[in-house]
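# Fold and geometry: a report
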Amino acid sequence: MTTENISVPEELLSALRRHKRVLIAAHARPDPDAMGSSLAMAWALRSTGLDALVFNEDGLPPFLHFLTLPGPVLTSLDSLPCDPDLVVCLDCGDRARLGETIQPLLDRVPSVNIDHHLDNPLFGTEANWVEPGMAATGELVAYIAKALRAPLHGALAEALYVAISADTGNFSYGNTTPGALRLVAEMVEEGLDLPRLREAMENNWTEARLRLWGRIMQKVRILEDGKLAAALITLEDMKSCNASREDSEGIVEQLRRLSGVRVALMLREEEKDGKIQVKASLRSSGRDNVQKVAAQFGGGGHRNAAGATIALDAEKALAVMQPYIRFVWNRLQ
Ligand code: 5GP
Ligand code: MN
């Protein structure tokens, strides 16, 4: 797919131009693509004279505090003086991923759905632009910004870069499109300061993160004749390292680096409403499809990066997932 033949659907642009009170929302527990594309969308709309608000159920993650914001990232809808007239949903493979807070609003307000996940059910009521071939939702937002004649520089470009570089594993995964690389080249030509951004993105570890990684790496399980590497993170691991959810981000990518591993799995326990559940993150390479495994447990994602939340503790979740994971390589033989 080249930049030249990408055209933003007309009904999407028309919805963005027609509505005046726009709320931008991405999936809860935002990763850099969810938050970067939200901020970039707000900057792009601002350049057309429209002050859009950004909402995220879990707010701006600490590791993105270096970004310049177009306004506060709302974590509650209570302070809105009235309903928005359009909700722009970004990077959500399904509507539930936006979190619980915003669901009643989505029942009564029109929405557009802009995403790059497989099996997105096209839940937008005004327009849907879903391109699983795109590296990041940030890439889609870049084309929307261009269509709105917003220059790809300054804070808008920084938010886009964060989104695209994170979802492509810093331009190394199979989803790294020529279009994504061209966008970055264009932004660098416009003055994007790559070394400064990389410094802000990479050299920001907390001590808790370092301790958690050390502890978890020690007990990683190598299973299925070396084809599966699994990191189980218990509530106790999190507590004893004083670690937050963000501190575990990135561990699963390290497991994928082990020679011979086809599927990397991280299972992180968390408590919700007094009950234990586990956040599963799966990674693979090439044709090995972990999205199908995540989908078995009500989750989803991409062929090589997928996730789900399962109402079990980490040990039990591993036991129920393992047969489905085996299917990843057995299917190909
Ligand atoms: P991660 O493992 O980093 O949380 O997510 C990897 C990919 O899977 C991301 O594209 C993310 O959007 C998707 N994903 C993670 N958890 C879920 C989930 O519970 N449901 C769906 N549909 N997708 C998920
Ligand atoms: Mn994404």
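Residues numbered from 1 in each chain as written. Chains lettered and ligands numbered in written order. Predicted model: local features only at pLDDT ≥ 70, side-chain atom pairs only at ≥ 80, totals over all residues. Heavy atoms only, no water.

### Section: the pattern of salt bridges
- Taken as a whole, this structure holds 21 salt bridges when the rule is applied.
- With a shortest N-O distance of 2.2 Å, Arg 29 and Glu 270 are connected by a salt bridge. Taken together, the positions of Arg 29 in the loop between strand 1 (22–26) and helix 2 (32–46) and Glu 270 in strand 9 (residues 263–272) put the pair 241 residues apart, joining distant regions of the chain.
- With its nearest N and O atoms 3.0 Å apart, the salt bridge here joins Arg 245 to Glu 246.
- By relative accessible area, which is 15% here, Glu 246 ends up buried.
- Because the salt bridges share partners, they merge into one network encompassing Arg 29, Arg 268 and Glu 270. (Salt bridge = Lys/Arg side-chain N within 4 Å of Asp/Glu carboxyl O. Helix = DSSP H or I, 4+ residues; strand = E, 2+ residues; numbered from the N terminus. Buried < 20%, exposed > 50% of the residue type's maximum accessible area, 1.4 Å probe, protein only.)

### What to know about the packing of helix 5 (residues 154–167) against helix 7 (residues 194–202)
- Between helix 5 and helix 7, the shortest axis-to-axis distance is 11 Å and the interhelical angle comes to 60°. Our classification of the angle between helix 5 and helix 7 gives oblique. As helix 5 packs across helix 7, the resulting crossing turns out to be right-handed. Together, Glu 158, Tyr 161, Val 162 and Ser 165 of helix 5 and Leu 194, Arg 196, Leu 197, Arg 198 and Met 201 of helix 7 make up the contact between the two elements.
- Considering only residue class, the contact of helix 5 with helix 7 consists of five nonpolar, one polar and three charged. (Axes fitted to C-alpha atoms, helices over the stretch in contact; angles between N-to-C directions. Parallel < 35°, antiparallel > 145°, perpendicular 65-115°, else oblique. Left-handed = near helix turned anticlockwise from the far one by under 90°. Contact = heavy atoms within 4.5 Å. Nonpolar A, V, L, I, M, F, W, Y, C, P; charged D, E, K, R; others polar.)

### Observations regarding the coordination of the manganese ion (ligand 2)
- In the first shell of the manganese ion (ligand 2), the protein supplies Asp 33 (OD), Asp 91 (OD), His 116 (NE2) and Asp 167 (OD), at 2.1 to 2.3 Å from the metal.
- Summarised as a motif, the one-chain spacing of the donors to the manganese ion (ligand 2) is D-x57-D-x24-H-x50-D. Residue Asp 33 is located in helix 2, and its partner Asp 91 is located in the loop between strand 4 (86–90) and helix 3 (103–108); the two are separated by 58 residues in the primary sequence. As far as the burial class goes, Asp 33 and Asp 91 line up, both buried. (Donors = N, O, S within 2.8 Å, 3.2 Å for Na, K, Ca; no water.)

### Thoughts on the domain arrangement of the chain
- Parsing the chain into structural domains produces domain 1 (3–202) and domain 2 (207–330).
- Spacing between the C-alpha centres of domain 1 and domain 2 amounts to 26 Å.
- Each partner contributes residues to the interface: domain 1 has eleven residues there, and domain 2 has twelve residues.
- The contact between domain 1 and domain 2 buries some 920 Å² in all, and 45% of this surface belongs to carbon and sulfur atoms.
- By the criterion of area lost to domain 2, the three top residues of domain 1 are Arg 29, His 117 and Leu 118, representing 51% of everything that side buries.
- At the boundary of domain 1 and domain 2, one finds two salt bridges.
- For the pair domain 1 and domain 2, the interface holds six residue pairs in polar contact (both at pLDDT 80 or more).
- Residue composition of the side of domain 1 that touches domain 2, by class: five nonpolar, two polar and four charged. (Domains from an automatic or database assignment. Buried area = accessible area lost by both parts, 1.4 Å probe. Polar contact = N/O pair within 3.5 Å; in protein donor to acceptor, adjacent residues only side chain to side chain.)

### Side note on the environment of Ala 142
- Here Ala 142 shows up in helix 4 (residues 137–147).
- Accessibility expressed as a relative area gives 1% for Ala 142, which makes it buried.
- Each C-alpha atom, one on Ala 142 and one on Asn 170, is 17 Å from the other, the two residues being 28 residues apart in sequence.
- Setting aside residues up to four positions removed in sequence, Ala 142 forms contacts with Leu 152, Leu 160 and Leu 183.

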